[in-house]
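Summary of structural features
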Amino acid sequence: MIEIKDLSYVYPNADEPVLKQISATFPRENVFAVLGQSGSGKTTLLNCIARFLHPTSGQIEIDGKDIASMDELEFRHTLGVVFQKLNLFPHLSVLRNLTLAPQKVFDTPLEDARKQAREMLDRLGIGDLADRYPAQISGGQAQRVAIARGLMLQPRYMLLDEPTSALDAQTTQDFANWLTELSNVTSFIIVTHDLPFAQMVATHGVYLTDGNIQATGEVTDILNQVQQPTS
Amino acid sequence: MRKYKFNVSMMWLLLCAGLFVAMTRPAYAQSPELQADNKPLRVALTGKFPPFNYYNQQGELAGFDVDVANAIGKHIGRKIQFVPTEWDGILAGLLGGKFDTIIGSMAITPVRARQVNFSKPYYHSGAQLFVHRDNPAQVYSIDECDGLKISAVLGETYQHYLDENHPNIDVVTLKSSVEIFELLQQQRVTGFVTDRLVGSWQIKQADRPFVPVGGMLYSEDIGIPVRMDDTALLKQINMALAKIKADGTMKRIHQKYFGLSTTADNAGKATMSDAVIARKLLKGFAVTIGIAVASLAIGFVLAIPCGVILNKPKGGMLILYWPVRTVVDFLRGTPVLIQLLFAWMGLGLSPFTAAIGTLGINAMAYMAEVIRSGLMSVDQGQVLAARALAMNHLQTFRFVVWPQAFRVAIPPLMNCVVALTKDTALVAVISVSEVIREAQAIISVTFEPTKYYFFVAVMFFVVTFPLMKLASMLERRIAQRGFNHD
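Residues numbered from 1 in each chain as written. Chains lettered and ligands numbered in written order. Predicted model: local features only at pLDDT ≥ 70, side-chain atom pairs only at ≥ 80, totals over all residues.

1. Thoughts on the overall build of chain A
What counts is decided by this rule: Each helix corresponds to a stretch of at least 4 residues labelled H or I by DSSP, and each strand to a stretch of at least 2 residues labelled E; elements are numbered beginning at the N terminus. Whether a residue is buried, exposed or partly exposed follows from its count of other C-beta atoms within 10 Å of its own C-beta, namely 20 or more, 12 or fewer, or something in between, respectively; the C-beta atoms are built from the backbone. Contact between two residues is assigned when their C-beta atoms, built from the backbone, lie within 7 Å.
Scanning chain A from terminus to terminus reveals 8 helices and 10 strands. Here chain A holds 231 residues, and the buried ones make up 42% of them. When contacts within chain A are restricted to residue pairs at least 6 apart in sequence, long-range pairs at least 24 apart make up 66% of them.

Structural data, given as structure tokens:
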């Protein structure tokens, strides 16, 4: 469970806060959706949750622990991030993208890390890509590699930022099916403005508008609420 | 007085007798064979013009002119009687019949040629620029000396020549060559101008590291004058000169005084054996490569932290940004030559240390910029991705940012390597004996700049060309791995 308590964020040199004292609870579900239009503050929220930004005020707790007090290794084991741009390491092979952090950060022997990485790739159905370079694979494949890389640290939660932005309709459908399968082990929090996709994969979510939580609850309800013309 | 009168009347008597003989046997009087038997040839010289004519330690007349005169005497079958005479009265003495000829290094000039007949030249000489072998000003002819200090002996024709023909040269006049040599040894003047042969001999005697550079400023033909009416003697002297040139006597005399073969017929060119030239060039090039490798190593190692600092990293290193920025800009914005001279003369470093140090920090400045732009080209998302994987700053830099930045930087870094390798040529100026200086040394002897500068250019190219090829090969290899399209 991720709890957000009175969270505000003001970018340096900006007058208006991007997040305005929001409070929300993300229950530990297979897939939880953070929804909102561009500029609603959802990426800033993601960056705060991922500890890339320090909240101006308020705090975030994961499973009862303030993330600000967690050490780096513990935190990254708790929460993984897959970026909208994926940010695969272009100079490393797919396999090496997966093994780098386990070997260098967590001191897993290279052979073990390789074995785990191959298993992970096989599990995600991309075992044949191990020796390719990021520039040599498709967008959908890269998406899976990025998730696989995050899963190598075995986090309890994983944030996915706009996971469908680079996918076409068919790939999005495949991805939705695949994510649902995978979410039995790891809880995914998808941050997206793609409401139909959110409906495909998530039951519950929150909807951000202009730095405030406008709606919370079941995704279907949220959609009904926000898709009505504003009163 | 009586005695004097008597002598005068005796002289008149003799003169009349002589006239009588001359009138009755004119053909006989002009015959050289007859003269050969009786009178020695009276030869004037100053005895104050070493190495051409001077008094040696035994107090005897010696020198090039003396040896030539004796050789001529031998060939025409007459004893030589030297008549030491002051230079300013020497022509008048000849015209007045005090002696028969002058073998005293007299230049053939139009003015003199109106008064006397000159033999064919027995040697050529002329004004020559000499410089220190280190040649810090890098001058290779008098035309490159504008604004520089060039010395000449006070009152000698060379001083006037320089004043008239090279008004922009700062002519430093001194009493004698001794003072000039001392000043040049301390490199307080760039060079001096004097007679090529006299200068060469003096340098040899003084054992100084001075060398002639460039051609002669002007050349003079040195001849042997006789009176206008003395055509027979002129003919004899010319024949004798031809003979002593042909039989090698003249060459031997030249060797004796000047070592180098600088006779009238073979002026100018000294020799250096091919083996010596090859050894000098290769040795010099080894020094060049050594300096390049050492500077590049220093430069690269220093460039990495500097490049990181220039990329404005977050945290404490930001304090270092402006100092590094200033140093890098200053180094890139000032001529390497000035930096070299500053390190060498300003800081008083040894030439070698100054060379490697200056080129090293120069390489650092250029490479730091290249590395900075390489680092800048790495997407910030890469850093976030590394952080998401729990990597610390150092791990992120080492495994994620640096490998990407370095790949981007390789081609421009290679350009830096090539540029710096070429820049080593500049260190010749601060008297490091690298290949350019060795080439200059060779050229100062062989006078073949085209050939040896071309050789040196080829040597550089042999090294830089593979580097350039390697750069483009690496560039292709990176592209092949799909690196360039993230």
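Once you've had a look at it, read on.
2. Brief notes about the sheet that holds strand E4 (residues 57-62) of chain A
All names here are of chain A. What counts, and what does not: Strand pairing is assigned whenever DSSP identifies at least 2 bridges connecting the two strands. Only the stretch in contact is used when a helix axis is fitted, and all axes are lines through C-alpha atoms; the angle between N-to-C directions ranges over 0 to 180 degrees.
The 4 strands are arranged E2-E1-E4-E5 in an open sheet whose pairing can be described as antiparallel. Edge positions in the open sheet fall to strand E2 (19-26) and strand E5 (65-66), since each of these has one partner strand only. Here E4 pairs with E5 via 2 bridges, running antiparallel. If you follow Ile-62 over to E5, its bridge partner there is Lys-65. Where helix H1 (residues 42-49) meets the sheet, it contacts strand E1 (2-9), E2 and E4, and its direction lies at approximately 115 degrees from that of E1.

3. Thoughts on the interface of chain A and chain B
When the parts come together, some accessible area is lost, and that loss is often what is quoted as the size of the interface. Keep this limit in mind: Charged means Asp, Glu, Lys or Arg here, nonpolar means Ala, Val, Leu, Ile, Met, Phe, Trp, Tyr, Cys or Pro, and polar covers whatever is left, Gly included.
The partner chain B presents 20 residues to the 21 residues of chain A that form the contact. Grouping the amino acids of the side of chain A that touches chain B by side-chain chemistry returns 13 nonpolar, 4 polar and 4 charged.

4. Re the confidence of the model for chain B
All names here are of chain B. Going by this rule: On a scale of 0 to 100, pLDDT captures the predictor's confidence in every residue.
For chain B, per-residue confidence averages 82 on the pLDDT scale, and residues scoring 70 or more make up 86% of the total. Segment residues 1-6: pLDDT under 50, and 0 contacts once partners within four positions in sequence are set aside and those in other chains are kept. Taken as a whole, residues 260-270 scores under 50 in pLDDT and shows 22 contacts with residues more than four places along the chain or in a different chain. Overall fold confidence for the complex sits at a pTM of 0.61, while the interface term, ipTM, reaches 0.91.

5. What to know about the sheet that holds strand E4 (residues 61-62) of chain B
Residues and elements named next belong to chain B. What the 3 strands build is an open sheet, ordered E2-E3-E4; its pairing is antiparallel. With one partner strand each, in any of the chains shown, strand E2 (48-49) and E4 form the two edges of the open sheet. Pairing analysis gives 2 bridges linking strand E3 (residues 53-55) to E4, with the strands arranged antiparallel. Note on E4: the bridge partner recorded for Tyr-55 is Leu-61.

6. Regarding helix H10 (residues 231-246) of chain B
All names here are of chain B. Quick reminder of the rule: Here the expected length of a helix is defined as 1.5 Å per residue gap, with one fewer gap than residues. Along the arc lie the directions from the helix axis toward the C-beta atoms.
Compared with the 22 Å implied by 1.5 Å per residue over 16 residues, the 23 Å span of H10 between its first and last C-alpha is a close match. Taken together, the buried positions of H10 are Leu-233, Leu-234, Gln-236, Ile-237, Ala-240, Leu-241 and Ile-244. For H10, the arc enclosing every buried residue in end-on projection is 160 degrees, short of the 170-degree limit, so these residues lie on one face. Of the residues in H10, the exposed ones pointing more than 90 degrees away from the buried face are Thr-231 and Ala-246. One or two positions beyond H10, positive phi appears at Gly-248, with a value near 90 degrees.

7. Some details on the nonpolar core
Rules: Nonpolar core, as used here: buried Ala, Val, Leu, Ile, Met, Phe, Trp, Tyr and Cys residues forming one set through C-beta atoms within 7 Å.
Judged by nonpolar contacts, the single largest core of 130 residues is most densely connected at A:Leu159, A:Ile190 and B:Met367. It is helix H15 (residues 351-376) of chain B that provides the largest number of residues to this core, a total of 14 residues. If we ignore the near neighbours within four places in the chain, the residues touching A:Leu159 are A:Leu46, A:Ile49, A:Ala50, A:Leu79, A:Val81, A:Ile189 and A:Val191. Among the nonpolar cores identified, the runner-up in size contains 33 residues, and B:Ile80, B:Ile90, B:Ile103 and B:Val226 belong to it.

8. Quick word on the confidence of the model for chain A
Per-residue pLDDT for chain A averages 90, and the proportion of residues at 70 or more is 98%. When mean pLDDT is taken per element in chain A, helix H3 (residues 94-104) of chain A scores highest with 95 and helix H8 (residues 219-227) of chain A scores lowest with 84.

9. Here's the deal with the packing of H15(B) against helix H17 (residues 393-423) of chain B
Residue and element names in this part refer to chain B. In plain terms, the rule: Every angle not falling under 35 degrees, over 145, or within 65 to 115 is termed oblique; those three ranges are roughly parallel, roughly antiparallel and roughly perpendicular. Here a crossing is called left-handed whenever its near helix is offset anticlockwise from the far helix by less than a right angle, and right-handed whenever the offset is clockwise.
One way to put it is that H15 packs onto H17 with a least axis distance of 8 Å and a crossing angle of 150 degrees. Relative to H17, H15 is oriented roughly antiparallel. Seen from above, H15 lies across H17 with right-handed handedness. Mapping the contact onto sequence places Leu-359, Ala-363, Tyr-366, Met-367, Val-370, Ile-371, Gly-374 and Leu-375 in H15 and Val-401, Ala-405, Phe-406, Val-408, Ala-409, Pro-412, Leu-413, Cys-416, Leu-420 and Asp-423 in H17. Residue composition of the contact of H15 with H17, by class: 16 nonpolar, 1 polar and 1 charged.

10. What about unusual backbone geometry?
All names here are of chain A. One non-glycine residue, Leu-86, adopts positive backbone phi at about 70 degrees. Of note, Leu-86 is situated in the loop between strand E6 (79-82) and H3. Even without glycine at this site, Glu-162 takes up a positive phi of about 40 degrees. Inspection of the secondary structure puts Glu-162 in the loop between strand E7 (157-161) and helix H6 (169-182). By the C-beta count within 10 Å, which is 20 here, Glu-162 ends up buried.

11. Quick notes on the packing of helix H4 (residues 64-76) of chain B against helix H11 (residues 249-258) of chain B
Each pair of packed helices gets described by two things: the angle between the helix axes and the distance between those axes. Residue and element names in this part refer to chain B. Closest axis-to-axis distance for the H4/H11 pair is 10 Å, and the angle between their directions is 160 degrees. For the element pair H4 / H11, the angle class is roughly antiparallel. Here H4 runs over H11; the crossing is right-handed. Counted together, Phe-64, Asp-67, Val-68 and Ala-71 of H4 and Thr-249, Ile-253 and Tyr-257 of H11 form the full contact between these two elements. Split into classes, the residues belonging to the contact of H4 with H11 amount to 5 nonpolar, 1 polar and 1 charged.

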